[in-house]
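Residue-level structural notes
Here's the letter readout for the chains.
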Amino acid sequence: MPRISVIIDVMDRKNLNFCLDSLILQKYPDFEAICVVFSKDNDAINLLKSYSKFDSRIKYLCFSDVDFRKARKKAIKEARGKYIYFINSFDSISLLTLNELKKTLESSNSDFIYSNFVYFECDFNLGNVFDIGTASDNFQNIINNIGNDCAAKDVFACNPVTIYGKFFKSEFLKKIKFQNEKSYSDIPLLSEAFLLAERISFDRVPYYFYKDKNVLILNKEAYFVDDIIQERNLQEKVFKKYGKYETYKNVLLILKMEDCLRVLLKSKNEDFEKNYISLKKEFIDFDYSNFNQDKIKVIKQIYADLFELKYADFIEKYNFKSKGMYAKDFCNYTYL
Amino acid sequence: MPKISVIIPIYNGEKYLRKCLNSVVFQTYKDLEIICVDDGSNDNSLSILNEYKKNDKRFKIISKNNEGLSSARNVGIENSLGDYISFIDCDDWVSLALYDDFCKVLDKINKDIDIYNFNASKILSSDNNLALSCFLNVLEVRNHNSLYDIHTFADFSNPFCGNFAAYNKIYRSDFIKNNNIAFPYGLIFEDQLFYIKTFLRAKSIIVNNNLYYMYNVRTQDNIMNNLGEKSFDIFKIIDLMERDIKLSNLYENLKYAFLQYKYVSYSYLLFVTAHELQEKFYLESQKRIIEASLEKFDEDIMKKLRGYDVYIDIKTLDYISFFDKYKSKVIYDR
């Protein structure tokens, strides 16, 4: 039985060989790589066939017609390792990753590690380290559970970014009772992990190399506003389940609205109409009365303008082209 | 789609040979000719090769007496029938998409390419407790905006740094054969000469900074730590390089980098030369650097070169002083 199960989401052939090479080169050899293939891409499947012959630790499961969440659920179930690590086939990892993360998890006896990553641009300009933040940032510190290593944990429960590069105790991940299959996507799954975990380690050493410079929302499934709304609604349900909704509802609403707006602004031409309609449907008659008016003021105004102004005027007013589309640009987070 | 000749010289490589061969056999691009040149191994290498040949018709096995890496590679070139030539060392392995990605680039460019230059890495073998990985320098090339840009040697910013290996390139066969380029028989540093000969003549070079070649630093590889008298080969190699560089039209582009390459090589190799020959090695190095510096070199440019003080010292210090000063310093960072 291998010690570590590495679950690799495979969308297509691009960079897949580099991802698998970085696994084969791992200093820590005792792992199985479960490649979950989401497309009918023959090039990807051929490459996986070759790699699995080359190295018996590499396996693949094809799920071309299945929702990726169902596929992930199955992969987690099939994983035999004591630990589970998630990778996107577009990216790759440093050679010491599995070795170091395993050591950290064992010595801290945590349920999972939330670790840092380096963000590479595709033409190999060395990218930025996406820092997971500290107490000295805008975020206030609220300790949720006992024995945590980092005080800003709750911020990440609200906005966990992505599951890639996170290292879990298998037993912990498998015991989470998800409401339904849809909860296996990144935001609800990680929210659940954050709120349930007794101990979380934060590792600031960047082991994971992101390569897609066009992904601002690193959550890959967020292509349509409808998907975002569904994700964030599932996240709200998780917070309610753990009795944390009232404390964080403002932040959760703001994040939902920002994510939707981001997707709208990034829409391809053919998707814009659909996204706009979804957005309008969800927010035009939204009941803001239960929320802290002060905190939601900015984003509420942005939406009001979105629905009232002509789109071109809206863009000009907020100058979205030059602004980085991160939450910090809009609102200051305070949780109490 | 072109046929690619993969040339693998083997000398007592049984330990990593299967992984190496597997990485060629399982390439997604299938139109390969796999030429294994057994340079007189006395371990199980040959029987492993025969086993592979039984199961895969693409293998061609050539057995010869032990005459060294240059000779083995040259025999491989002579016996190759492919449109392109690729070299792999028997201790290493390659990404399974190497040749497929190469052919896709060729297809897109739709022209003959003389040299396809990709990236290789150095990894300490897994027996070792230290897992360091140092990647070769990102290939620094001017005017490089896309993978499909066609370059010449003049575009390379660091022509004498870290890109000497034969195994991180794919060469067009006619380019090699029509120019009569071969590895120098019986000399070490053969990769370096081959690199200069090929790059000086290449009219079209493609640079792909992605990592396709996994180089295993052999733990028993103390060859580069104690060369005995073989270190003196560097003088012959540099003479051969110099002749070619001066005959090309790139001398002015390369002269500073070439001078730096000389003094850095000499000062590094001094310390891996057999002890009793070190003074002789130093005197030869000193003589050559003094001669080379008689040519007009702009001092301002010289001062900016890495290791400038080595250059000054090698011209002015006697052997004992130089040895004492540099014996514990890292001059040549690999």
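Residues numbered from 1 in each chain as written. Chains lettered and ligands numbered in written order. Predicted model: local features only at pLDDT ≥ 70, side-chain atom pairs only at ≥ 80, totals over all residues.

Next up on the list: the domain arrangement of chain B. Residue and element names in this part refer to chain B. Partitioning chain B into structural domains gives domain 1 (4-221) and domain 2 (225-326). Distance from the C-alpha centre of domain 1 to the C-alpha centre of domain 2: 28 Å. Taken together, the contact between domain 1 and domain 2 spans 13 residues of the former and 17 residues of the latter. Residues of the side of domain 1 that touches domain 2, tallied by class, amount to 11 nonpolar, 1 polar and 1 charged. (Domains from an automatic or database assignment. Contact = placed C-beta atoms within 7 Å. Nonpolar A, V, L, I, M, F, W, Y, C, P; charged D, E, K, R; others polar.)

This paragraph deals with the nonpolar core. In terms of nonpolar packing, the biggest core is built from 156 residues, with Val6, Ile8, Val36 and Tyr85 of chain A touching the most fellow members. Non-local contacts of Ile8 of chain A, meaning those with residues more than four positions away in its chain, are made with Cys19, Ala33, Ile34, Cys35, Val36, Ile87 and Ser89 of chain A. (Core = buried A, V, L, I, M, F, W, Y, C linked by C-beta atoms within 7 Å. Buried ≥ 20, exposed ≤ 12 C-beta atoms within 10 Å, placed from the backbone.)

Let us look at the interface of chain A and chain B. Opposite the 14 residues of chain A that make contact, chain B presents 16 residues. Those elements that provide at least two residues to the side of chain A that touches chain B are α1 (16-24) and α2 (42-54) of chain A. Per-element tally for the side of chain A that touches chain B: the top contributor is α2 of chain A, with 6 residues. Of the residues contributing to the side of chain A that touches chain B, the split by class is 8 nonpolar, 3 polar and 3 charged. (Helix = DSSP H or I, 4+ residues; strand = E, 2+ residues; numbered from the N terminus.)

Residue and element names in this part refer to chain A. At a minimum axis distance of 10 Å, the contact between helix α9 (residues 245-266) and helix α11 (residues 293-308) shows a crossing angle of 25°. Looking at the two axes, α9 sits roughly parallel to α11. When the axes of α9 and α11 are compared, the crossing they make is left-handed. Taking contact as the criterion, the partners of Asn250, Leu253, Ile254, Met257, Glu258 and Leu261 in α9 are, on α11, Lys295, Ile296, Ile299, Ile302 and Tyr303. Considered class by class, the residues forming the contact of α9 with α11 number 8 nonpolar, 1 polar and 2 charged. (Axes fitted to C-alpha atoms, helices over the stretch in contact; angles between N-to-C directions. Parallel < 35°, antiparallel > 145°, perpendicular 65-115°, else oblique. Left-handed = near helix turned anticlockwise from the far one by under 90°.)

Side-chain direction in a regular strand flips from residue to residue, so the side chains alternate between the two faces of the sheet. Residue and element names in this part refer to chain B. Of all 7 residues in strand β1 (residues 4-10), 7 are buried, a share of seventy percent or more. Alignment of β1 against strand β2 (residues 32-38), held across 7 bridges, turns out to be parallel. Looking at the pairing, Ile10 lines up with Asp38 of β2. Handedness of the crossover joining β1 and β2 through helix α1 (residues 14-25) is recorded here as right-handed. The sheet contact formed by β1 and strand β4 (residues 84-87) spans 4 bridges and is parallel. (Pairing = 2+ DSSP bridges. Right-handed = clockwise from strand over helix to strand, strands pointing away.)

Moving on: the domain arrangement of chain A. Residues and elements named next belong to chain A. As far as domains go, chain A holds domain 1 (4-210) and domain 2 (225-330). Listed as interface residues are 12 residues of domain 1 and, on the opposing side, 16 residues of domain 2. The leading source of residues in the side of domain 1 that touches domain 2 is helix α7 (residues 186-196), at 5 residues. A per-class count over the side of domain 1 that touches domain 2 returns 4 nonpolar, 6 polar and 2 charged.

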